[in-house]
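Examining the three-dimensional arrangement
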Amino acid sequence: PIGIYPIMIIGTGGGKTRTATYTLNVTALPPPTQPDFVALYLGLPQTLIIGEQYTINFTVLNNGSDVTTTHDHLLIYNASGCYSWCWADYKIFNSHPSGYTRAVSFNWTPMTLGTFYLRACADGNHLAGSPNYACEMSQVSESNETNNDKFFQITVQDPQLPPNDSIPLASSCSGGNC
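A count of helices and strands for the protein chain gives zero helices and 11 strands. Reading the protein chain from its N end, one meets helices and strands in the order β-β-β-β-β-β-β-β-β-β-β. By residue count, 33% of the 178 residues in the protein chain fall in the buried class. Considering only residue pairs separated by 6 or more positions, the protein chain has 65% of its internal contacts joining residues 24 or more positions apart.

The next subject is the packing of aromatic side chains. The tally for this structure, following the rule as stated, stands at one aromatic pair. Between Trp108 and Phe116 the ring centres are 5.3 Å apart and the planes differ by 70°, which places this aromatic pair in the edge-to-face class.

Another point: the pairing of strand E10 (residues 149–157). With two bridges joining them, strand E4 (residues 48–49) and E10 adopt parallel strand pairing. Looking at E10, one finds that Leu48 is bridged to Val156. Both strand E9 (residues 114–122) and E10 contribute to a ladder of eight bridges, which runs antiparallel. Following the sheet pairing, Gly114 is matched in E10 by Val156.

With that settled, consider the nonpolar core. One finds Leu42, Ile56, Phe58, Trp108 and Leu118 to be the most contacted residues of the largest nonpolar core, which totals 24 residues. Listed by contribution, the elements that provide at least two residues to this core are strand E3 (37–43), E4, strand E5 (54–62), strand E6 (70–78), strand E8 (101–108), E9 and E10. Sequence-distant contacts of Leu42, defined by excluding residues within four places in its chain, comprise Ile56, Asn57, Phe58, Leu74, Leu118, Ala120, Lys150 and Phe152.

Time to look at the confidence of the model for the protein chain. With 72% of its residues at a pLDDT of 70 or more, the protein chain has an overall mean of 75. Of all the helices and strands in the protein chain, strand E11 (residues 171–172) carries the lowest mean pLDDT, 44, while E4 carries the highest, 88. Segment residues 165–178: pLDDT under 50, and 24 contacts once partners within four positions in sequence are set aside and those in other chains are kept.

Each value, and the rule that gives it
In every chain, residue numbers begin from 1 and rise along the written sequence. This being a predicted model, a pLDDT of at least 70 is required before a residue's local features are given, and a value of 80 or more before pairs of side-chain atoms are given or counted; all residues contribute to the totals for chains, interfaces and linings. As a rule here, side-chain values cover all heavy atoms of the structure and leave hydrogens and water aside. Elements are defined by DSSP. Helices are runs of H or I of four residues or more, strands are runs of E of two residues or more, and each kind is numbered from the N terminus. Residue burial is assigned from relative accessible area. The probe radius is 1.4 Å, only protein chains are included, and a residue is buried under 20% of its type maximum, exposed over 50%, and partly exposed in between. Throughout, a contact is declared for two residues whenever any of their heavy atoms are within 4.5 Å. Paired rings are identified among Phe, Tyr and Trp, the last through its six-membered ring, by centres lying within 6.5 Å, and are further divided according to the angle between planes into stacked (under 30 degrees), edge-to-face (over 60) and tilted (the rest). Any two strands with at least two DSSP-identified bridges between them are counted as paired. Put simply, a nonpolar core is a bunch of buried Ala, Val, Leu, Ile, Met, Phe, Trp, Tyr and Cys residues held in one set by side-chain atoms that sit within 4.5 Å of each other. Residue-level confidence of the predictor is summarised by pLDDT, bounded by 0 at the bottom and 100 at the top.

And the structure:
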């Protein structure tokens, strides 16, 4: 970290001990050598109604060095009918300076009732052969590959049914598991 650090060097030899003191003044950290995409925020509407289109907002920060091209993904799946991913989309971005934050928006129209799990990931790989692997197989080598995604759980309701106050609104899932 930036700061002033006292350093004492003690040497012995020939029956004598010598001491020298120095001050190390660190004024700036070296620039990062690799990019580091961090998923900061996944914005969700509070109530989802079947058949209506929603915009899901996702914010990504490059906390490392500059990089030219990367892909951001939004994956949506459920436990009651999609044994793989129900829906997936990605967007390509071509400039990511160090410290740059970008907002990504995806539109989704839920067509099935139930509980859904959303996974937004920065630096995904749409060429992975399956959406299942889009987040695990990143395109850019990063200094930290563990902070690239956000998970949320939501419930899609039918407007014809009475509201259920016990159904939680959009909530974050801990540890990447919903």
